[in-house]
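Residue-level structural notes
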Amino acid sequence: MPVTESPAKQLARFIAKFTPAIAKEARAALARVRRHVPASAVQFVYDNWNGLVIGFGPTERPSEAVLSLLVVRDHVTLCFINDGPGLPDPDRLLKGSGNVVRHVRLASERDLDKPAIRALINAAVSRADVPFASTGRSRVIIKSISPKQRPRR
């Protein structure tokens, strides 16, 4: 049976699987990230086993994404992809020890308005291997939906 829902409606449905409190945080964090990245950013959605991932990149190629939101049962995390270890982080906010990704666990969506986190977002966007278009509209692309998922509530 073909999916007739728009990607935006599918994303809203994925977020609604979480508790009302986490869903509210996820929607608010998503709105803030959308304001902090270029309007042309492509959003990649993965409703995975572990959680919901919404990545942001300059093109439709997921490998060019520079940051993402990870929504899990009890919190929302901002992840910096590809150049995470190389981002300037004078406040030492970034966690993780991998070669590709670093992250900041958000206490609240308001953390995304803190100057240090905005600086990380700006650095990730400006250091993208492929530049973001200066004009254009954002679009949401559903990349995967896992048939089996950890509990969202």
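Further up the page is the structure itself.
Note that the structure is a prediction, hence the values are computed from the model and not measured.

Parameters at a glance
Residues numbered from 1 in each chain as written. Predicted model: local features only at pLDDT ≥ 70, side-chain atom pairs only at ≥ 80, totals over all residues. Heavy atoms only, no water. Helix = DSSP H or I, 4+ residues; strand = E, 2+ residues; numbered from the N terminus. Contact = heavy atoms within 4.5 Å. Pairing = 2+ DSSP bridges. Axes fitted to C-alpha atoms, helices over the stretch in contact; angles between N-to-C directions.

With that settled, the discussion passes to the environment of Val100. Positionally, Val100 belongs in the loop between β4 (75-80) and β5 (102-106). Counting along the chain gives 20 residues from Val100 to Phe80, while the straight-line C-alpha distance between them is 8.3 Å. Other than its neighbours up to four places away in sequence, Val100 contacts Phe80, Ile81, Asn82, Asp83, Gly84 and Pro85.

Strand pairing in a sheet relies on backbone hydrogen bonds. The paired strands run either parallel or antiparallel. Spatial strand order, β5-β4-β3-β2-β1-β6: 6 strands in an open sheet with mixed pairing. Looking along the sheet, the strands with just one partner apiece sit at the ends: β5 and β6 (139-145). Across the sheet, the axes of successive neighbouring strands diverge by a mean angle of 20°, strand direction being ignored. Against the sheet, helix α1 (residues 7-16) touches β1 (42-47), β2 (52-57) and β6, its axis set at about 55° to β6. Seen against the sheet, helix α3 (residues 115-126) touches β3 (67-72), β4 and β5 and runs at an angle of roughly 40° to β4.

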